[in-house]
Amino acid sequence: MKPAISANELTKWFGEGDLRTFAVREVSFEAYFGEILFIVGPSGSGKTTLLSMISGVLRPNSGTVAIDCVDIWKLTPDQIAEFRLNKVGFVFQDYHLFPRLTTAENVAIPLILKKQNWDESIKEAAHYLEIVGLKNKADLPPVKLSGGEQQRVALARALVSQPDLMIFDEPTASLDGDTGRRIMDFVKNNILTDKRCILIVTHDNRIFEYADRMMRMEDGKIVGIEQGRND
Ligand SMILES: Nc1ncnc2c1ncn2[C@@H]1O[C@H](COP(=O)(O)OP(=O)(O)O)[C@@H](O)[C@H]1O
Ligand SMILES: [Mg+2]
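Procedures and definitions
Per-chain numbering applies: the sequence of each chain, read as written, is numbered from 1 onward. Just so you know, chain letters begin at A and ligand numbers begin at 1, following the order they were written in. In view of the model being predicted, local features appear only for residues whose pLDDT reaches at least 70, and side-chain atom pairs are presented and counted only at 80 or more, with totals across whole chains, interfaces and linings using the full set of residues. Each side-chain value is worked out from all heavy atoms of the structure, with water and hydrogens disregarded. Each helix is a run of DSSP H or I of at least 4 residues and each strand a run of E of at least 2, with the numbering of both proceeding from the N terminus. Throughout, a residue-residue contact means that at least one pair of heavy atoms, one from each residue, lies within 4.5 Å. Expected span of a helix: the number of residues minus one, times 1.5 Å. Burial status follows relative accessibility: with a 1.4 Å probe on protein chains alone, a residue under 20% of its type maximum counts as buried, one over 50% as exposed, and anything between as partly exposed. Two strands qualify as a pair provided DSSP detects at least 2 bridges between them. What we call a nonpolar core is a set of buried Ala, Val, Leu, Ile, Met, Phe, Trp, Tyr and Cys residues that are connected through their side-chain atoms within 4.5 Å. Each axis is a line fitted through C-alpha atoms, taken for helices only over the stretch in contact, and angles between the N-to-C directions span 0 to 180 degrees. Two helices crossing with the near one rotated counterclockwise from the far one by less than a right angle form a left-handed crossing, whereas a clockwise rotation gives a right-handed crossing. Only Asp, Glu, Lys and Arg are considered charged, only Ala, Val, Leu, Ile, Met, Phe, Trp, Tyr, Cys and Pro nonpolar, and every remaining residue, Gly among them, polar. What counts as a disulfide here is a pair of cysteine sulfur atoms lying within 2.5 Å. Lys and Arg are tallied as positive, Asp and Glu as negative. Neither His nor the chain termini are counted. One speaks of a salt bridge when a side-chain nitrogen belonging to Lys or Arg is within 4 Å of a carboxyl oxygen belonging to Asp or Glu. What qualifies as a polar contact is a pair of N or O atoms within 3.5 Å, subject to a donor-acceptor requirement within protein and to the restriction that residues adjacent in sequence count only when both atoms come from side chains. Working definition: residue near molecule or strand if any one of its non-hydrogen atoms lies within 4 Å of it. Each accessible area value is a Shrake-Rupley result obtained with a 1.4 Å probe; residue values ignore everything except the protein chains displayed when judging cover.

Novice: Please clarify how the environment of Ile72 should be interpreted in this entry.
Specialist: In this structure, Ile72 sits in the loop between β5 (70–71) and α2 (77–87). Taking the C-alpha atoms as reference, Ile72 lies 28 Å from Gly228; in sequence the two are 156 residues apart. Apart from the residues within four sequence positions on either side, Ile72 is in contact with Met53, Ile54, Gly56, Val65, Ile67, Ile80 and Phe83.

Novice: Even after reading the chapter, I still don't get helix α5 (residues 147–159), so can you show me in this structure?
Specialist: In an α-helix there are 3.6 residues to a turn, and that puts residues three or four apart on one side. Over its 13 residues, α5 extends 18 Å from the first C-alpha to the last, a length consistent with the 18 Å expected when each residue adds 1.5 Å. Most of α5 is tucked away: eleven of the 13 residues are buried. Residues of α5 that are buried include every one of Gly148, Glu149, Gln150, Gln151, Val153, Ala154, Leu155, Ala156, Arg157, Ala158 and Leu159, and no others.

Novice: Mind showing me how you'd approach the sheet that holds strand β2 (residues 21–32) here?
Specialist: Adjacent strands of a sheet form backbone hydrogen bonds with each other and so pair up, either parallel or antiparallel. An order of β2-β1-β4-β5 is seen for the four strands of this open sheet, with the pairing classed as antiparallel. A single partner strand is all that each edge strand has here, and the edge strands are β2 and β5. Alignment of strand β1 (residues 3–14) against β2, held across eight bridges, turns out to be antiparallel. By the bridge assignment for β2, Ala7 is matched with Phe29.

Novice: Is there a simple way to think about the nonpolar core in this case?
Specialist: Among soluble globular proteins, nonpolar side chains are generally buried collectively. By size, the foremost hydrophobic cluster in this structure holds 40 residues, and its most contacted members are Phe38, Val107, Leu129, Leu155, Met166, Phe168 and Ile198. Contributing elements (two or more residues each) for this core: β3 (36–40), α3 (103–113), α4 (118–131), α5, β7 (165–169), α6 (177–191) and β8 (197–201). Looking at this core element by element, the count peaks at six residues for α5. Apart from residues no more than four positions distant in its own chain, Val107 is found in contact with Ala125, Tyr128, Leu129, Val153, Ala156, Arg157 and Val160. By size, the runner-up hydrophobic cluster in this structure holds 30 residues, among which are Ile5, Ile39, Val65 and Met217.

Novice: Hey, could you run me through unusual backbone geometry in this one?
Specialist: The phi angle of most residues is negative, glycine excepted, and most peptide bonds adopt the trans form. Unusually for a residue other than glycine, Asp68 sits at a positive phi of about 50 degrees. Within the secondary structure, Asp68 sits in the loop between β4 (62–67) and β5.

Novice: Before we go on, may I ask you to explain the packing of α3 against α4 in this structure?
Specialist: Pairs of packed helices are described in terms of their axes, by the angle between the two and the distance that separates them. Two elements in contact, α3 and α4, have axes separated by 8 Å at closest approach and are oriented at 115 degrees. Relative to α4, the crossing made by α3 is right-handed. Each of Thr103, Ala104, Glu105, Val107, Ala108, Leu111 and Ile112 in α3 lies in contact with α4, whose residues at this interface are Trp118, Ser121, Ile122, Glu124, Ala125, Tyr128 and Leu129. Broken down by class, the residue content of the contact of α3 with α4 amounts to ten nonpolar, two polar and two charged.

Novice: Looking at this structure, how should I read the state of the cysteines?
Specialist: Where two cysteines share a covalent bond between their sulfur atoms, that bond is called a disulfide. For the structure on display, the rule yields zero disulfides. Residue Cys69 stays outside any disulfide, its sulfur separated by 13 Å from that of Cys197, the closest cysteine. The class of Cys69 is exposed, set by a relative accessible area of 54%.

Novice: Could you clarify how one ought to interpret the side chain of Lys12 in this entry?
Specialist: Along the polypeptide, Lys12 turns up in strand β1. Of the side chains with opposite charge, Glu16 comes closest to the buried, unpaired Lys12, at an N-O distance of 8.3 Å. Looking at Lys12, its side chain comes within polar contact range of the main-chain oxygen of Arg59, at 2.9 Å. Setting aside residues up to four positions removed in sequence, Lys12 forms contacts with Thr21, Phe22, Ala23, Val24, Thr49, Met53, Leu58, Arg59, Pro60 and Asn61.

Novice: I'm lost on helix α1 (residues 47–54) in this one. Help?
Specialist: Among the eight residues that make up α1, seven are buried, leaving the element largely enclosed by the rest of the structure. Where α1 terminates, the next one or two residues include Gly56, which has phi positive at roughly 80 degrees.

Novice: I tried to follow the site of ligand 1 on my own but got confused; where do I start?
Specialist: Phe14, Ala23, Pro42, Ser43, Gly44, Ser45, Gly46, Lys47, Thr48 and Thr49 make up every residue found near ligand 1. Here an oxygen atom of ligand 1 and a side-chain polar atom of Lys47 are 2.8 Å apart. Thr48 places a side-chain nitrogen or oxygen 2.9 Å from an oxygen atom of ligand 1. Contact with the protein chains removes 55% of the 550 Å² of surface that ligand 1 exposes when unbound. Taken together, the residues of the shell around ligand 1 break down into three nonpolar, six polar and one charged.

Spelled out as structure tokens, the structure:
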């Protein structure tokens, strides 16, 4: 099987000299199309830093990341920006929605960044809002939506680019258990395809049942990979 993600000896440190701390140390793993891979571990263990290097946001100090066999950190800055826009959908814990834009405008941002026409972008955004069950909220500002609904808007925004790679950093941390499970049901049934790979960082054990595999990090290292309880 061709891996969706192939990380090889990834290392990232912050600070220099005596102040240098290693956030991620020589981490290697593969993830495959069609799977939901969870990354779990205590706060400060390097999970977000690892996601950032895989999604083309943070350059590693050493090691390589291949996404669909493309070595992303060998690309030019323009190519990396294009990779982020077209290949990766990122959903943050605290949604990162723009309060002054409507829900539909928030979802349309990646399309507008791709220089698509405004009206077309809003129309396409409405389609993705329908997919996440929020079509009737398209013209509202995010503050009028519940936490679970805002998370679904963030999900729709990550989906508009039809990314190969969906990355969630603590997607359910600010949600109650039922809402968190509803989001995960939705991701599993509607977002996961055999051409997409989903990475989820979480310490929410209420959603562990959705993992195909679970990778555990401690102190910047992978300390175990287990099959999930999913199947
Ligand atoms: N921008 C940064 N500058 C300095 N240290 C950082 C930065 N980002 C993360 N770190 C440090 O790297 C380690 C791993 O952080 P992080 O990847 O955020 O862990 P996690 O997501 O598992 O909580 C922590 O010790 C954190 O303080
Ligand atoms: Mg984190």
